[in-house]
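# Structural description and commentary
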Amino acid sequence: MSCRAYLHPRYIILILSIISSSLFQGAHTCLSGCCKSKPCLHGGTCVEKCDDVRERYNCACSKNYQGRRCEIFHPHVSSCQAYMKLKPGSHSGLYSLNDTFQTYCDFDSETGKAWTLIESFSLANNALYQNQPFYYNFTQNERNFNWSSFRLSNQAMVNIRNNSTHWRVTCNFPSGLSFTDYARASLLDTDILTFVNQDQCRRYEFISVRGINCSDCTGMLVQRDNQHMHTDSYWSGLNRCQWNPGSGAVSGEDNFGFYDVINPQHKCTENPHSTTQWWLGSEI
C-alpha cells in the first residue's frame, strides 16, 4: 500500500498564491480597460490601475496642464505676455501667475499688446502708496487682488520686467481704457525699477493729461526715495520738456502718482474712488 501526503484544498490555494506573487511580482500588468477611451487630454498619458475600484486610472499630464484628466491649462509663467504666447486667444481677466500671485492681464484694450498689472490704488488709499517708489518692496494684496489697493512684490516686478519692453499708466481702468489721461514709454528709455532719485525730462511714446498730449516727446518723470513715480504737468513745460500741459494745470500738480497736489480734472484724481494703474507689457 502506498502512502500519499494529503493537503487540504485551502492550503493548496495559499501556496499557489504565494508562488504566483513571488514569480510575477513587478511583472503584473493591469488591464482594467479604462484607458481605451483615451480619457487624458492635451497629450496626457493614461496609466491604468487595478488596486482601487474608485480610481481606475491616472493621467500623467504634459507640461502646463493639470487636473484629473489634464483639462486645466496652468502654466508656470511670470507674466501675462508669457501666458498669451503659450495660449493665444486668451481673454483679459484675473490670472494666477507662477503659483505665487494673482493679477489682472489685459489682452484686449490695445491691439497686439499684452499688459501685466503691477499696481493699482484708489485716491482714498494714496497715503499708503505716496512714498513708495517702485524700487522699494511694498507688497499689497498680492494673493487677494482688488483695484483699490494692489501691488506686486519687487521680485515679481523684476520677473515681469524681464519679459517686457514697455510700461504704461492708466486711470480708472475697470471703467475702460481712456487715452485722455494715459502714458506709455519704452523700458529702454526709462526702466521704472531702476530710475532712482531722479527728476528729469524723459522720453515717452505717448503721454496725455487732461487731454493735452504729445507723441514721441519728452515729459517730466519723477521718482525719489520718498516719492512714488509720477509726472508733474505743471513743471513739465517750465523745465523745458517738450510736453507742456501747463494750460489748466494746478500749481505743482502731480499726475499718475504721489498726488501731493491734485487736480480734479485729471481722471486719476477726480474723486476718492478714482484709481491709478501701472503696467508692464510688450507686443505679442
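Computed from a predicted structure; not experimentally measured.

## Focus on the overall build of the protein chain
The helix and strand tally for the protein chain stands at 5 helices and 14 strands. Within the protein chain, the fraction of its 284 residues that count as buried is 45%. For the protein chain, long-range pairs separated by at least 24 residues make up 52% of all intrachain contacts whose partners lie at least 6 apart in sequence. Carbon together with sulfur atoms contributes 50% to the accessible area of the protein chain, which is approximately 14800 Å² in total.

## With respect to the side chain of D181
By the secondary structure assignment, D181 is in the loop between β9 (166–171) and β10 (182–186). Within the buried core, D181 has no salt-bridge partner, and the shortest N-O distance to an opposite charge, that of K267, equals 5.3 Å. From its side chain, D181 meets the backbone nitrogen of R210 in a polar contact 2.8 Å long. Non-local contacts of D181, meaning those with residues more than four positions away in its chain, are made with V169, T170, C171, S208, V209, R210, F256, Q265, H266 and K267.

## Remarks on helix α4 (residues 154–161)
All of the buried residues along α4 are A156, M157, I160 and R161. For α4, the arc enclosing every buried residue in end-on projection is 135 degrees, short of the 170-degree limit, so these residues lie on one face. Tucked into the core, α4 has its buried residues touching α2 (80–86), β6 (101–106), β7 (113–122), β8 (149–151) and β14 (275–283).

## Describing the state of the cysteines
A full pass over the atoms with the stated rule returns 6 disulfides. Each sulfur of the disulfide joining C35 and C46 lies 1.9 Å from the other. Every disulfide takes its handedness from the sign of the S-S torsion; for C35 and C46 that torsion is -80 degrees, giving left-handed. With C35 in the loop between α1 (9–24) and β1 (45–48) and C46 in strand β1, this pair connects stretches of sequence that are 11 residues apart. For C46, a relative accessible area of 21% translates into the label partly exposed. Disulfide pairing places C40 opposite C59 at an S-S distance of 1.9 Å. Measuring the twist about the S-S bond at about -90 degrees, one finds the C40-C59 disulfide to be left-handed. Taken together, the residues C40 in the loop between α1 and β1 and C59 in strand β2 (residues 57–60) connect sequence positions 19 residues apart. We note that C40, like C59, is buried. Cysteine C34 is unpaired, with the sulfur of C35 as its nearest cysteine sulfur at 7.0 Å.

## Quick notes on the environment of A185
Tracing the backbone shows A185 in strand β10. Look at A185 and you get buried, because its relative accessible area is 0%. Between the alpha carbons of A185 and Y204 there is a distance of 4.6 Å; along the sequence they are 19 residues apart. Ignoring any residue separated from it by four or fewer positions in sequence, one finds A185 in contact with H166, W167, R203, Y204 and E205.

## Some words on the pairing of β2
For a regular strand, the rule is simple: side chains alternate between the two faces of the sheet. The side-chain alternation of β2 yields one buried face, formed by Y57 and C59, and one unburied face, formed by N58 and A60. Sheet topology places β1 next to β2; 4 bridges connect them, and they run antiparallel. Residue pairing across strands places T45 opposite A60, the latter belonging to β2.

## So, the confidence of the model for the protein chain
Model confidence for the protein chain is summarised by a mean pLDDT of 88, while 86% of its residues fall at 70 or above. Per-residue pLDDT stays below 50 along residues 1–5; that stretch engages in 0 contacts with residues further than four places along the chain or on separate chains. Counted against residues more than four places away or in other chains, residues 21–27, with its pLDDT under 50, gives 1 contact.

## Description of the nonpolar core
In this structure, I118, W167, I192 and W278 are the most contacted members of the largest nonpolar core, which totals 49 residues. Core analysis: the second largest hydrophobic core is formed by 5 residues, C35, Y57, C59 and C70 among them.

Conventions adopted
- Residues numbered from 1 in each chain as written.
- Predicted model: local features only at pLDDT ≥ 70, side-chain atom pairs only at ≥ 80, totals over all residues.
- Heavy atoms only, no water.
- Helix = DSSP H or I, 4+ residues; strand = E, 2+ residues; numbered from the N terminus.
- Buried < 20%, exposed > 50% of the residue type's maximum accessible area, 1.4 Å probe, protein only.
- Contact = heavy atoms within 4.5 Å.
- Areas by Shrake-Rupley, 256 points an atom, 1.4 Å probe, with all protein chains shown as cover.
- Lys, Arg positive; Asp, Glu negative; His and termini not counted.
- Salt bridge = Lys/Arg side-chain N within 4 Å of Asp/Glu carboxyl O.
- Polar contact = N/O pair within 3.5 Å; in protein donor to acceptor, adjacent residues only side chain to side chain.
- Arc of directions from axis to C-beta.
- Disulfide = S-S within 2.5 Å.
- Pairing = 2+ DSSP bridges.
- pLDDT = per-residue confidence, 0-100.
- Core = buried A, V, L, I, M, F, W, Y, C linked by side-chain atoms within 4.5 Å.

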